[in-house]
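Single-letter residue listing:
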Amino acid sequence: MGSTESTLSEAELDELQHSTNFTPTEIRRLYKRFRKLDKDDSGAITTDEFMMIPELSMNPLAPRTIALFDTDHDDAVNFKEFIEALSVFSVRGAKREKLQFAFKIYDLDKDGYISNKDLFLVVKTMVGSNLTEVQLQQIVDKTILEADLDGDGKISFDEFCKVLEATDLAAKLSIKL
């Protein structure tokens, strides 16, 4: 799957079907899209190649999201990483998996919690210079205070889920192919 072949073998297709929420037809369609994104035919998509997608280039969290796709941390996303990450967002993907992915975007230090510092840095990335540091810190402090149900000063995954319970975030994090 790291090769630059233009088609997937039946074995690769079978393996991906069993490890993702996609049908063989969807996997083939995604493979064609992947190949178009892989401008240098390396068998992997770099952050620069991802950022050529206009919708991604405008999203301040895109580099963070792409980094989460890159599970082997080699600064490129091969097809297996690509399809497994997208599988979370499939309409057949579990709500909990979608929420775990969203949580990881905020958990910058990967300690299993969203700390005040984590949230500050992510929100700062999202709002840029539209708010002062003081305004930004006030928003972060208020968010932590409201979401931190056990009073430990940080947001656990369970607390994150409880805050988002009333939203349709999981539905918004679903893609239809």
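Residues numbered from 1 in each chain as written. Predicted model: local features only at pLDDT ≥ 70, side-chain atom pairs only at ≥ 80, totals over all residues. Heavy atoms only, no water.

## Describing the overall build of the chain
For step 1, the next point in the chain: Within the chain, the secondary structure is distributed over eleven helices and four strands.
For step 2, the next point in the chain: Reported as C-alpha extents along the three principal axes, the dimensions of the chain are approximately 50 × 30 × 25 Å.
For step 3, the next point in the chain: Within the span of the chain, comprising 177 residues, buried residues form 37% of the whole.
For step 4, the next point in the chain: Of all intrachain contacts in the chain linking residues separated by at least 6 positions in sequence, the fraction that spans at least 24 positions is 57%.
For step 5, the next point in the chain: Accessible surface for the chain amounts to roughly 10,300 Å². Of this, 55% is attributable to carbon and sulfur atoms.
For step 6, the next point in the chain: Of the side chains in the chain, 22 bear a positive and 33 a negative charge, and the two mean positions are spaced by 6 Å. (Helix = DSSP H or I, 4+ residues; strand = E, 2+ residues; numbered from the N terminus. Buried < 20%, exposed > 50% of the residue type's maximum accessible area, 1.4 Å probe, protein only. Contact = heavy atoms within 4.5 Å. Areas by Shrake-Rupley, 256 points an atom, 1.4 Å probe, with all protein chains shown as cover. Lys, Arg positive; Asp, Glu negative; His and termini not counted. Charge placed at Lys NZ, Arg CZ, Asp CG, Glu CD.)

## Regarding helix H6 (residues 79-88)
For step 1, the next point in the chain: Of all ten residues in H6, eight are buried; the element is thus mostly enclosed.
For step 2, the next point in the chain: For H6, the set of buried residues is Phe79, Glu81, Phe82, Ile83, Ala85, Leu86, Ser87 and Val88.
For step 3, the next point in the chain: Two to three positions downstream of the cap, the backbone nitrogen of Lys80 sits 3.1 Å from a side-chain oxygen, assigning the N-cap of H6 to Asn78. (Polar contact = N/O pair within 3.5 Å; in protein donor to acceptor, adjacent residues only side chain to side chain.)

## Section: helix H8 (residues 116-127)
For step 1, the next point in the chain: Across its twelve residues, H8 extends 16 Å between first and last C-alpha, which sits within 8% of the 16 Å expected from 1.5 Å per residue.
For step 2, the next point in the chain: Those residues of H8 not exposed but buried are Asp118, Leu119, Phe120, Val122 and Val123.
For step 3, the next point in the chain: In this structure, the buried side of H8 is in contact with helix H7 (95-106), strand E3 (113-114) and helix H9 (133-147).
For step 4, the next point in the chain: Looking one or two residues past H8, Gly128 carries a phi angle of roughly 60 degrees, positive in sign. (Expected span 1.5 Å × (residues − 1).)

## A short note on the packing of aromatic side chains
For step 1, the next point in the chain: The full count for this structure, using the stated rule, is twelve aromatic pairs.
For step 2, the next point in the chain: Ring centres 6.2 Å apart and planes at 50 degrees place the aromatic pair Tyr106 and Phe160 in the tilted group. Of the two residues, Tyr106 is situated in helix H7 and Phe160 in helix H10 (residues 157-164); the sequence distance between them amounts to 54 residues.
For step 3, the next point in the chain: Within the aromatic cluster, the residues linked to one another by ring pairs are Tyr31, Phe34, Phe50, Phe69, Phe79, Phe82, Phe89 and Phe101. (Phe/Tyr/Trp six-rings, centres within 6.5 Å; stacked < 30°, edge-to-face > 60°.)

## Considering the nonpolar core
When a protein is soluble and globular, its nonpolar side chains tend to lie buried together.
For step 1, the next point in the chain: Grouped together as the largest cluster of nonpolar side chains are 26 residues, with contacts concentrated most on Ile27, Phe69, Phe79 and Phe82.
For step 2, the next point in the chain: Elements represented by at least two residues in this core include exactly helix H1 (10-19), helix H2 (24-37), helix H5 (62-69), H6 and H7.
For step 3, the next point in the chain: Counting residues per element, this core draws most heavily on H6, which supplies six residues.
For step 4, the next point in the chain: For Ile27, the contacting residues outside a window of four places in its chain are Leu8, Leu13, Leu16, Gln17, Thr20, Phe22, Phe79 and Ile83.
For step 5, the next point in the chain: Leu99, Ile114, Ile144 and Cys161 belong to the second-largest nonpolar core, a separate cluster that totals 16 residues. (Core = buried A, V, L, I, M, F, W, Y, C linked by side-chain atoms within 4.5 Å.)

## With respect to the UniProt feature "domain: EF-hand" (unreviewed entry) in the chain
For step 1, the next point in the chain: With numbering aligned to this structure, UniProt lists the feature "domain: EF-hand" (unreviewed entry) at residues 25-60, 64-92, 94-129 and 135-170.
For step 2, the next point in the chain: Annotated as 58% helix and 8% strand, the span residues 25-60 places its first and last C-alpha atoms 32 Å apart. (UniProt positions renumbered as here; feature names shortened; annotations may be inferred.)

## Observations regarding the pattern of salt bridges
For step 1, the next point in the chain: Per the stated rule, a full pass over the model turns up eight salt bridges.
For step 2, the next point in the chain: The partner of Lys124 in a salt bridge is Glu133, and the shortest N-O contact between them spans 2.9 Å.
For step 3, the next point in the chain: In this structure, Lys142 and Glu146 form a salt bridge, with 2.5 Å as the shortest nitrogen-oxygen distance. With Lys142 and Glu146 both in helix H9 and four residues apart, the pair spans about one turn of that helix. (Salt bridge = Lys/Arg side-chain N within 4 Å of Asp/Glu carboxyl O.)

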